[in-house]
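Inside the fold
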Amino acid sequence: MASKSIVDPKRLALTTRERFRRQMHFQSIDRGIHWEFGYLGETLERWHKEGLSNEIVPGEGAGSVEAYFGVDPVRHLPIGIGLQPGFPYEYEVLEKKADSEVRKYADGHIQEEKTSGIRTIPHYIKFPIANRDDWKRYKERLDPASPERRLDWKKIGRELLRCDLPVGIGLGSFFGIPRNWIGFENIAMMCYDDRDLVEEIVETLTQLYLSQLEQALRECQVDFALGWEDICFRNGPMISPQMFREIVGPRLKRVCDLLRRHGCDVILTDCDGDIRQLIPVWLECGVNCMFPIEIGNWADPVRFRKQYGRDLLMMGGFSKHILAESKGAIDAEVARLTPLVEDGGYIPFCDHRVPPNVPYENYLHYCRTVRRVWGRNVDLPPMLAGEG
């Protein structure tokens, strides 16, 4: 690691965009970027009872929880890489239970969703793609030439010339989205029973991503690209690294190569769980930033920096479980991660949305501490700016 911190409070103030670029390229900055993964609704309900104003809610603008905690804003480009037209978000209730409902959606999938308590990942019962006939209904909605995908990229590009926020663009999902359509166990079997169909689905998505990214990148200067997979669990990936390398690798590399040709060299993927076996494959393909580094006995940003050096950029990696512990534990974790922050190429924040077992006073203490220790000299409300 570098012996001198990149955080130099004497440096002239940077825009958030300049700060992001420099921080992710191990160059000096005036203060660190302040981002957060997000907050569960149940967390804010608890905090409202513990002192957070009821006027502070999720969303955008001065009254948002992100603005209140001084989260630096970002601009995400509206690239059209989803289903067009999408299936209507309509469902019929097949069964009502004490605290959940079984719902059938317009695309054909069936899932059980919580109606009370903590509502996160639903329980999937039936998936919309089981065979080639089902796939046809989806493939026709992935046409790169679909008129609904057309955007005035020239106009957007001109606007970005005056943008002082980091500009991000989506690069798609190569196995996570097909998994959602087909199902975990089903796609695992399909990789053996009908490998050609899996390859066709991934290639179709790749062609769509390349088409839309090419149009956007010709006109727009982009600072980072964000993909999504979520294909790892506490015991590792749901697909072998070798099979991921064979099916996804060449296609993901084509997308990463395109991004780099247009000057975007901060390329991250969003994947929870034990990602260790897939990191080398992602790096081979051109993905060089891991997010949100869900902490467990499998993942640790300090360990990753020792192993991969500056080849691997990182975002996240502050344990949500530590936020629920004592203020002393929070201080110790801030101190442990400080050398990474000072080295650069790392933007720390909670490793997932802040859960409801985190007391409001703990989160206030966390924000005050990282603001002081990591040089996040942002304007915050009086309650948050204090040292209590």
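Summary of the structure given here. (Residues numbered from 1 in each chain as written. Predicted model: local features only at pLDDT ≥ 70, side-chain atom pairs only at ≥ 80, totals over all residues. Heavy atoms only, no water.)

1. Things to note about the layout of surface pockets
Of the voids in this model, the largest pocket is the one considered here, and its volume is about 1100 Å³. At the level of secondary structure, the elements contributing two or more residues to the lining of the largest pocket comprise α2 (41-50), α6 (176-182), α7 (184-193), β8 (232-233) and α13 (320-323). Classifying every residue of the lining of the largest pocket gives 13 nonpolar, 7 polar and 12 charged. (1 Å grid on protein atoms, 1.4 Å probe; cavity = no way out; pocket = protein on both sides within 12 Å on 5 of 7 lines; lining within 4 Å. Points joined across faces, edges and corners; volume = space filled by probe spheres on them. Helix = DSSP H or I, 4+ residues; strand = E, 2+ residues; numbered from the N terminus. Nonpolar A, V, L, I, M, F, W, Y, C, P; charged D, E, K, R; others polar.)

2. A short note on α7
Of all the residues in α7, the buried ones are I187, M190 and C191. For α7, the buried positions fall inside an angular range of 105° around the axis, keeping them on one side. Among the exposed residues of α7, those pointing more than 90 degrees away from its buried face are E185, M189, Y192 and D193. In this structure, the buried side of α7 is in contact with α6, α8 (195-219) and α9 (241-247). (Buried < 20%, exposed > 50% of the residue type's maximum accessible area, 1.4 Å probe, protein only. Arc of directions from axis to C-beta. Contact = heavy atoms within 4.5 Å.)

3. Looking at unusual backbone geometry
A negative phi angle is the norm for most residues apart from glycine, just as the trans form is the norm for most peptide bonds. With an omega of -10°, the peptide bond between Q84 and P85 qualifies as cis. Position of P85 relative to the elements: it lies in the loop between β1 (75-76) and β2 (91-96). In the segment running from F291 into P292, the intervening peptide bond is cis, with an omega of 0°. Looking at the secondary structure, you find P292 in the loop between β11 (289-291) and α12 (301-308). Phi is positive for F26, close to 60°, though the residue is something other than glycine. Locating F26 in the fold gives a position in the loop between α1 (16-23) and α2. Phi is positive for D230, which is not a glycine, with a value near 50°. Relative to the helices and strands, D230 resides in the loop between β7 (224-228) and β8. With relative accessibility at 22%, the residue D230 sits in the partly exposed group.

4. Remarks on empty space enclosed by the protein
Leftover empty space is mapped by rolling, across the atoms, a probe with the size of a water molecule. Applying the stated criterion to the full structure yields 1 cavity of 30 Å³ or more. The space that makes up the largest cavity amounts to roughly 40 Å³. Around the largest cavity, the lining residues are L171, G172, F174, G227, W228, E229, L252, L268, T269, W282 and V287. Mapped onto the lining of the largest cavity, the elements with two or more residues apiece are β6 (167-172), β7 and β10 (267-270). Residue composition of the lining of the largest cavity, grouped by class: 7 nonpolar, 3 polar and 1 charged.

5. Considering the packing of aromatic side chains
What the rule picks out here adds up to 23 aromatic pairs. With a centroid separation of 5.4 Å and 55° between ring planes, the pair formed by F20 and F224 is classed as tilted. Of this pair, F20 sits in helix α1 while F224 sits in strand β7, and the two are 204 residues apart along the sequence. Across the pair, F224 and F20 agree in class, each one buried. Of the aromatic side chains, those joined through ring pairs into one cluster are Y39, W47, Y68, F69, F318, Y360, Y363 and Y366. Above the ring of F87, the side-chain terminus of R141 is found at 3.8 Å from the ring centroid. (Phe/Tyr/Trp six-rings, centres within 6.5 Å; stacked < 30°, edge-to-face > 60°. Lys NZ or Arg CZ within 6 Å of the ring centre and 35° of its normal.)

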